[in-house]
Amino acid sequence: MKKFRKIVSVAMASALVLALAGCGGNKGGSDVFKIGGIGPTTGGAAIYGINVMNGVQLAVDEINAAGGVNGFQLELNFQDDEHDAEKSINAYNTVKDWGAQMIIGCVTTNPCIAVSENTHADNMMMLTPSASAVKCTQYDNAFQVCFSDPNQGAASAQYIGENNLAQKVAVIYDSSDVYSSGIYESFSKGAENQSFEIVAAEAFTADNKTDFSVQLQKAKDAGADLVFLPIYYQESALILTQANSMGYAPKWFSCDGMDGILGVENFDTSLAEGVMLLTPFAADSKDEASQKFTNAYRAAYNDTPNQFAADGYDAVYILAEAIRQSGAKPSMSVSEIGDALKAAMPQISVDGVTGAGMTWLSTGEVNKSPMAVVIKNGEYSAM
Amino acid sequence: MSKTLRSNIITVGLVFIAYIGAQILIATGSISSLMKGLLVPLCVYAILAVSLNLTVGILGELSLGHAGFMCIGAFSSAFFSKCMKMFVPDMPGALRFFLALVIGAALAGLFGILIGIPVLRLKGDYLAIVTLAFGEIIKNIINILYLGIDEEGVHFSLKSSLDLNMADSEKIIINGAMGITGTPNDSNFTIGVVLLILTLIIVLNLIHSRDGRAIMSIRDNTIAAESVGIPVTRYKLMAFSISAALAGVAGVLYAHNLSTLTALPKNFGYNMSIMILVFVVLGGMGNIRGSMIAAVILTLLPELLRGVVSDYRMLIYAIILIVMMLFNWAPKCIEWRKKATASVKARLQKKSAAKEVE
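Given the structure is predicted, the values throughout are model-derived calculations rather than measurements.

Quick notes on the rules
Throughout this description, residue numbers start from 1 for each chain and increase along the sequence as written. Each chain is given a letter, starting from A, and each ligand a number, starting from 1, according to the order in which they appear as written. The model is predicted, so local features are restricted to residues of pLDDT at least 70 and side-chain atom pairs to those at 80 or more, both for listing and for counting; the totals for chains, interfaces and linings are taken over all residues. Water and hydrogen atoms were dropped before computing side-chain values, which therefore reflect all heavy atoms in the structure. Any two strands are treated as partners once DSSP identifies two or more bridges connecting them. We count a stretch as a helix when DSSP gives it H or I for four or more residues in a row; a strand needs E for two or more, and each element gets its number in order from the N terminus. Delimitation of the domains relies on an automatic or database domain assignment. It only takes one pair of heavy atoms within 4.5 Å for two residues to be counted as in contact. Summed over both partners, the accessible area (1.4 Å probe) lost when two parts come together is defined as the buried area. What makes a salt bridge here is a side-chain nitrogen of Lys or Arg within 4 Å of a carboxyl oxygen of Asp or Glu, nothing more. Pairs of N or O atoms within 3.5 Å make up the polar contacts considered here, provided that, within protein, one atom can donate a hydrogen while the other can accept it, and that residues adjacent in sequence are counted only when both atoms are side-chain atoms. Amino acids outside the nonpolar list (Ala, Val, Leu, Ile, Met, Phe, Trp, Tyr, Cys, Pro) and the charged list (Asp, Glu, Lys, Arg) are all regarded as polar, and Gly is one of them.

Enquirer: Could you give me a rundown of the pairing of strand β15 (residues 379–382) of chain A, with the residues and numbers involved?
Expert: Residues and elements named next belong to chain A. One ladder, built from four bridges, connects strand β14 (residues 371–376) with β15; its direction is antiparallel. Counterpart to Val374 in the pairing with β15 is Ser381. Here β14 folds back onto β15 in antiparallel fashion, the turn holding two residues, of which Asn377 has a positive phi close to 50°.

Enquirer: Talk me through the domain arrangement of chain A; I want residue IDs and the actual numbers.
Expert: Residue and element names in this part refer to chain A. The domain architecture assigned to chain A consists of domain 1 (32–147 + 289–368) and domain 2 (150–279). Each side of the interface is counted separately: domain 1 has twelve residues, and domain 2 has eleven residues. Interface area, domain 1 with domain 2, both sides summed: about 960 Å², of which 56% is carbon and sulfur. Viewed at the interface, domain 2 and domain 1 are joined by zero salt bridges. The tally of links from domain 1 across to domain 2 stands at zero residue pairs in polar contact (both at pLDDT 80 or more). Those elements that provide at least two residues to the side of domain 1 that touches domain 2 are α2 (46–65), α4 (109–122) and α10 (307–326). For the side of domain 1 that touches domain 2, a count of residues per class yields six nonpolar, five polar and one charged.

Enquirer: Kindly report on the interface of chain B and chain A, identifying the contributing residues and their values.
Expert: A common way to state how big an interface is: give the accessible area lost once the parts meet. Counting from both sides, the interface comprises 52 residues of chain B and, opposite them, 47 residues of chain A. Taken over both partners, the interface formed by chain B and chain A buries close to 4300 Å², and the fraction arising from carbon and sulfur atoms is 58%. Viewed at the interface, chain A and chain B are joined by four salt bridges. A salt bridge links B:Arg313 to A:Glu82; the nearest nitrogen and oxygen atoms lie 3.1 Å apart. Between chain B and chain A we count 13 residue pairs in polar contact (both at pLDDT 80 or more) in total. For the side of chain B that touches chain A, the elements supplying multiple residues, two or more each, are α1 (3–28), α2 (33–59), α5 (126–143), α10 (265–268), α12 (288–308), α13 (313–329) and α14 (331–357) of chain B. A class-by-class count of the residues in the side of chain B that touches chain A yields 25 nonpolar, 16 polar and eleven charged.

Quick look at the structure:
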C-alpha cells in the first residue's frame, strides 16, 4: 500500500509537470485574423454569454462568406469565464495560447476589468460587447459597444425630465448587480437637475429576487407615478405581475436590460403594455438592419436575439471596420495590431444593429443615441 | 529518520519539486500562458485544502463556511493594500504585501475565534450550520458595504455609494457589489509557494505535536479525552482558529492576484466552501498531502478540458470527479487496488528472485 502511494505520488507529480508544460501555441504567420471571445456560457449569467457568442459567430460567418476583411478570413475561439474574474483570466490565457490577436469580451463587467489588466500588459485590442462600467475601458486598448452605465442612467433621467413623464419617481434596483447599481447611481445624479423628484429608491439582491411586494408597496405609499427599473427582464416580469395583483399601475420606465420581456414564459404580455425603455436594440423593430439580423439569428439558432446578441454581432463588424481602416495584417504581432486598431477606432463610424453612425472616443466610450421604445399591442414601437 | 519526518519531507519536497519544475519551464519559455496564469490560483486552493483539512480531518468538525474566512482575508487585505497604494505610494510592494498578509490572517483568525467560542462548546453538527450561515452573511455584508477615504476622513454607508457624499468617486475603496478594484498585484508564484510551504509546516508540525495529539484524541473520543483532563474547547478553538487564519492567508493571495475583487456566490459563496470540502474529502480527511494534490488536480482539470471538450467540460469534470471519488474511496475499489498492487509486487519479487538465481 505504501509503495502504491509512493507510485501514485510520483505519477501525480509527473502528470502535473507535463500538464504545466502544456501546449506552446502557434502565433501569427497565418493568413486569418484570430479573434478570441470571452464570456459566461455556463452558470447564472450564461444567457448573456451564449447570446453574445451566437451573435459573434453569426457575424464572423457572414463576413467570411462575403470574402473576409481585406481578403483575410476571421476565426473565432469563444471561451467560458463562468462570470468569474479568476476564470476569465484563464479564458483569456487560453485564447492567447491559441493565438488570438484581438479580444471580443468580456461579456460581464467584473471579468472585463480583470482581463483588461492583462490585455493592457499585452497591448492586445479588446472590444467589450456589453460590459458597461466605466472601469472596463480604463486602458487605451479597451473599447465598448454598449453604452456605459453613467450614459444610460443620465440619458434616462434626461428623457423622463424633458418629456415630463412624471413628477414623482421610484426606483427599484438590484444592489448586488454592478449594471443595475451603476445605472441607479448615475440616474439619481442626473435627476438632481431635472423637474422630477426621486421619492423612493428600493434595492433587492440576487439572493432574494422573487418577492417585490415590499418595494412596490413603498413606491406606492410614496405616491410615485413612475417606476424606473434599471434591471433585467426576468425580475421586471415579476415586478409587473406583482404590481398588477396589488392594483398599482404607475408608468414603467426601463433600460436595455428590459429587452426580452415579451419572450418570458407564462408572462401575461398585456401587463407590459405601455412600458417605456431606452434600448439600443429591439428584436421586433421595423428597422431594416435589425430585421435582417433578427431573421438570420432566428434561422441559425432558432431563438430570438436580445441586445447582447446584437452587441456581439456589432462587435465583429466594428473590429472588421477598424481592420479595414488601419490596414492591419494577420502577419503583424499582437502588439502591432493592437496599436493599429487603437489608432483606427476613433476614426471609424459604423452602422450596426445597435445604432447608426456609431463613433468612439479614444477613451473607449461609444457615441450613439439611445432609442426610446414603448411596448404597444405586444410589440416594440418607437416613441 | 522517523516515519513522520520522512512523510513530512516528502510532502514539502513535492511542492518544492513542482516549484522548481515550473520555474524551469518558465525559464525555457515552454509553458503556456494558461498554465502560467494558473500557478498562483493553484497555491491558493492548495492552502485552502490544507487549512480545511485541519478542521475536517484532524479536528473532526465540519466547516461549511471556509470561503467566508477566505473572503475576510481577501477583502481586509485588499482594502489595506489599496489604501497604502493611494496614500503611501512609495511603500515597497513586498512590505505592503507582508503587512496585508498579517492583517488578513489575523482578521480571519479573529473571526474564527469569535465563531468558535460559542459553537465549539457544543457537540454535533452545529459548527457546520453556523459556518454555513457565517459565509453567506459575510458575502452579503460585503455586497452592501460602501467605504471611501478622502481628505475629510472616512466615509461609510450601507445604502449606496451616493450616500458617501464624496466629491471624488475615485477614492471609494469598497464600492458595494462592485467590490474593490485596483488592488496592486503584489503576489506571485514564488510568494504563493513560500506561503504554501509555510502552511504545510504549520499544519504538519501542529499535527505531530503534543497539542495535535490532543486535538486528534478529541476527534476520536471526546469523552475519553475529557476524562484524561484535555481541555476540549480550548484545543478545538485552537485548531479551528488556525484553520481560519490559514484560509485568510489564501484569501490574501487570491486578492492580490486579481485587479478586481467581488464577493460573488461563485468565488466566496456556499459553492466555493463545498468545493474546498471536495478537495479535502477526495484527498482524504486527515491526509494533508492528499488534499493538496486533490486541490491541484481539481483546479487544473476544468482548465485542461477547455482544449479537449469545450462545450461539455463542466459535465466531464463532474463525471471525472465521481469516478475519482469511487476509485479513491469505494471499499470494493480499495480492495481491488490492494489486490492489484499485491500481485504486481509478487511478480516483481519473483522476477528479482529469478535474477538472483541466475
